[in-house]
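Okay, here's what each chain looks like letter by letter:
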Amino acid sequence: MLIQSHRQENHLLLSIQRDVLMENSREFYQEFEKAIEGSNFGKLTMDFQLVKFLDSSGIGAVIKASSALHNRGVEIFVTNLNKNLNSVFRLSGLNHILSILTLDEYLSKFPEFQKTLEA
């Protein structure tokens with residue numbers, strides 16, 4: 001399992017469980033589709049606390065996932081990026097299509113997920 005989902009009202013939090021690489025990027029996207037299937041929500045967060053690295057396939061899977069949500073009008077947030085992932089997101093331009101927040105910024109904006117993210 002690559003994704004664990006948590007829901008609070010109109011907000012879906014997806015905790016990515018490990019690195020997203022060429023060998024599992026398809027599985028990541030399939031799990032992502034399953035997690036959002038039939039759900040009606042206005043905000044989605046991807047939590048990358050357990051992820052150390054994304055290769056180009058992983059970046060492509062994140063872009064594909066975020067595009068599907070943008071088309072539905074969903075606001076997308078990313079949190080818990082380590083220093084390397086933060087650089088990857090900025091160099092790939094993901095910071096222009098996703099709202100990247102530090103954990104502190106995220107929890108001050110969405111305190112309802114404090115217990116989930118600190119567990």
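Here is what the cut-offs are and how they apply
- Residues numbered from 1 in each chain as written.
- Predicted model: local features only at pLDDT ≥ 70, side-chain atom pairs only at ≥ 80, totals over all residues.
- Heavy atoms only, no water.
- Core = buried A, V, L, I, M, F, W, Y, C linked by side-chain atoms within 4.5 Å.
- Buried < 20%, exposed > 50% of the residue type's maximum accessible area, 1.4 Å probe, protein only.
- Contact = heavy atoms within 4.5 Å.
- Phe/Tyr/Trp six-rings, centres within 6.5 Å; stacked < 30°, edge-to-face > 60°.
- Lys NZ or Arg CZ within 6 Å of the ring centre and 35° of its normal.
- Helix = DSSP H or I, 4+ residues; strand = E, 2+ residues; numbered from the N terminus.
- Salt bridge = Lys/Arg side-chain N within 4 Å of Asp/Glu carboxyl O.
- Axes fitted to C-alpha atoms, helices over the stretch in contact; angles between N-to-C directions.
- Parallel < 35°, antiparallel > 145°, perpendicular 65-115°, else oblique.
- Left-handed = near helix turned anticlockwise from the far one by under 90°.
- Nonpolar A, V, L, I, M, F, W, Y, C, P; charged D, E, K, R; others polar.
- Expected span 1.5 Å × (residues − 1).
- Arc of directions from axis to C-beta.
- Polar contact = N/O pair within 3.5 Å; in protein donor to acceptor, adjacent residues only side chain to side chain.

1. Focus: the nonpolar core
- Of all hydrophobic cores here, the largest spans 31 residues; its most connected members are F32, L44, F48, L54 and F89.
- Apart from the residues within four sequence positions on either side, L44 is in contact with H11, L12, L14, F32, I36, L69, V74, E75, I76 and F77.
- Core analysis: the next-biggest nonpolar cluster, separate from the first, contains eight residues, L13, F77, L107 and F110 among them.

2. Details of the packing of aromatic side chains
- Overall, the coordinates contain five aromatic pairs when judged by the stated rule.
- On the basis of an interplanar angle of 45° and a centroid distance of 5.0 Å, the ring pair of Y106 and F110 is categorised as tilted.
- Exposure remark for Y106: the relative accessible area of 0% places this residue in the buried category.
- One aromatic cluster in this structure is built from F77, Y106, F110 and F113.
- Over the aromatic face of Y29 sits the side chain of K64, whose NZ or CZ is 4.3 Å from the ring centroid.

3. A few points about unusual backbone geometry
- Phi is positive for E9, close to 50°, though the residue is something other than glycine.
- By secondary structure assignment, the location of E9 is in the loop between β1 (3-8) and β2 (11-16).
- Looking at E9, the relative accessible area reads 75%, which means it is exposed.
- Unusually for a residue other than glycine, N80 sits at a positive phi of about 65°.
- Within the element layout of this structure, N80 appears in the loop between β4 (75-79) and α3 (83-91).

4. Notes on the pattern of salt bridges
- Considering all chains together, one arrives at one salt bridge under this definition.
- For R18, the salt bridge identified is with E27, shortest N-O distance 3.8 Å.
- Overall, R18 belongs to the partly exposed group, its relative accessible area being 37%.

5. Remarks on the packing of helix α1 (residues 25-36) against helix α2 (residues 56-70)
- Running from amino to carboxyl end, α1 crosses α2 at an angle of 20°, the nearest separation of the two axes being 9 Å. Between α1 and α2, the angle falls in the class roughly parallel. The crossing of α1 and α2 is right-handed. Of the residues in α2, those touching α1 at S25, F28, Y29, F32 and I36 are S57, G58, A61, V62, K64, A65, A68 and L69.
- Classifying every residue of the contact of α1 with α2 gives nine nonpolar, three polar and one charged.

6. Things to note about α2
- With 15 residues, α2 should reach 21 Å at 1.5 Å per residue; the first-to-last C-alpha distance of 21 Å fits that figure.
- Within α2, the full set of buried residues consists of G58, I59, A61, V62, A65, S66 and L69. Angular distribution of buried residues about the axis of α2 spans 160°; they occupy a single face of the element.
- Among the structural elements, α1, β3 (43-47), β4 and α3 are those in contact with the buried residues of α2.
- Its side-chain oxygen at 3.0 Å from the backbone nitrogen of S57, D55 defines the N-terminal cap of α2.

Any functional reading would require information that these geometric values do not contain.
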